[in-house]
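Per-entry structural report
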Amino acid sequence: MRKSTEPFPPPGLCRVCALPKIDVSERRACAVIGQPRATQRRRPIIRNDEEALTAAIIRLATTYGRYGYRRITALLRVEGWRANLKRVYRIPAFAGTSLAAGRAESATETTETRPPLAE
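Computed from a prediction, not measured in an experiment: that's the story for all the values here. Position numbers for residues count from 1 along each chain, tracking the sequence in the order it is written. Residue-level local features of this predicted model are given only where pLDDT is at least 70; pairs of side-chain atoms are given and counted only at 80 or more, and the full residue set underlies all totals for whole chains, interfaces and linings. Heavy atoms throughout the structure, all of them, feed into the side-chain values; hydrogens and water do not.

**With respect to the confidence of the model for the chain**
- One confidence number per residue, pLDDT, is output by the predictor and ranges from 0 to 100. Confidence along the chain averages 75 in pLDDT terms, with 63% of residues attaining 70 or more.
- Averaged pLDDT values for the elements of the chain fall to 80 in helix 4 (residues 85-95) and rise to 93 in helix 3 (residues 69-79). Strands are runs of DSSP state E lasting at least 2 residues, helices are runs of H or I lasting at least 4, and numbering of each runs from the N terminus.

**What to know about the nonpolar core**
- With 9 residues, the main nonpolar core is built from Leu 53, Ala 56, Ile 57, Leu 60, Ile 72, Leu 76, Ala 83, Val 88 and Ile 91.
- The element contributing the most residues to this core is helix 2 (residues 50-63), with 4 residues.
- For Leu 60, the residues in contact, after removing those within four places along its chain, are Ile 72, Leu 75, Leu 76 and Glu 79. Residue types Ala, Val, Leu, Ile, Met, Phe, Trp, Tyr and Cys, when buried and joined through side-chain atoms within 4.5 Å, form a set referred to as a nonpolar core. Under the scheme applied here, a residue whose accessible area is under 20% of the maximum for its type counts as buried, over 50% as exposed, and between as partly exposed, the area being computed with a 1.4 Å probe on protein chains only. Should any heavy atoms of two residues lie within 4.5 Å, those residues are counted as being in contact.

**Let's talk about the packing of aromatic side chains**
- Aromatic pairing here means that ring centres of Phe, Tyr or Trp (its six-membered ring) are within 6.5 Å. Orientation follows from the plane angle: under 30 degrees is stacked, over 60 is edge-to-face, and everything else is tilted. Enumeration over the complete set of coordinates arrives at 2 aromatic pairs.
- Arranged with centres 4.8 Å apart and planes meeting at 5 degrees, the rings of Tyr 64 and Tyr 67 form a pair that is stacked.
- Pairing Tyr 69 with Tyr 89 gives two aromatic rings, centres 4.9 Å apart and planes at 70 degrees, and the pair type is edge-to-face. Here Tyr 69, found in helix 3, pairs with Tyr 89, found in helix 4; they are 20 residues apart in sequence, far enough to count as distant.
- Judged by its relative accessible area of 24%, Tyr 69 is partly exposed.
- Classification of Tyr 89 by relative accessible area gives partly exposed; the value is 34%.

If you want it as structure tokens, here you go:
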């Protein structure tokens, strides 16, 4: 199962039961607004180098067009960045770009045609 690439809910939605006006359980309040209960306990980590890392990923992805997120991660580590695979995989999705996935198409094409099959 693949992890969701959706961002965490905005700070206003977190801690639905922190408001004293609401006299319902956390489970029910989260079910009503359609928010996972796990987001009530986890605080999002906001890094201060996110924009610079995004720019570095996009720069490398445009320079090396067919490189995927694993090779881009290796290049970032050579440059001195501390970013793991999951972070490099996630950031281009938020930036609206995508890193290359899959194999390159074959450069050789067959020019001969096959005769039709006999029935």
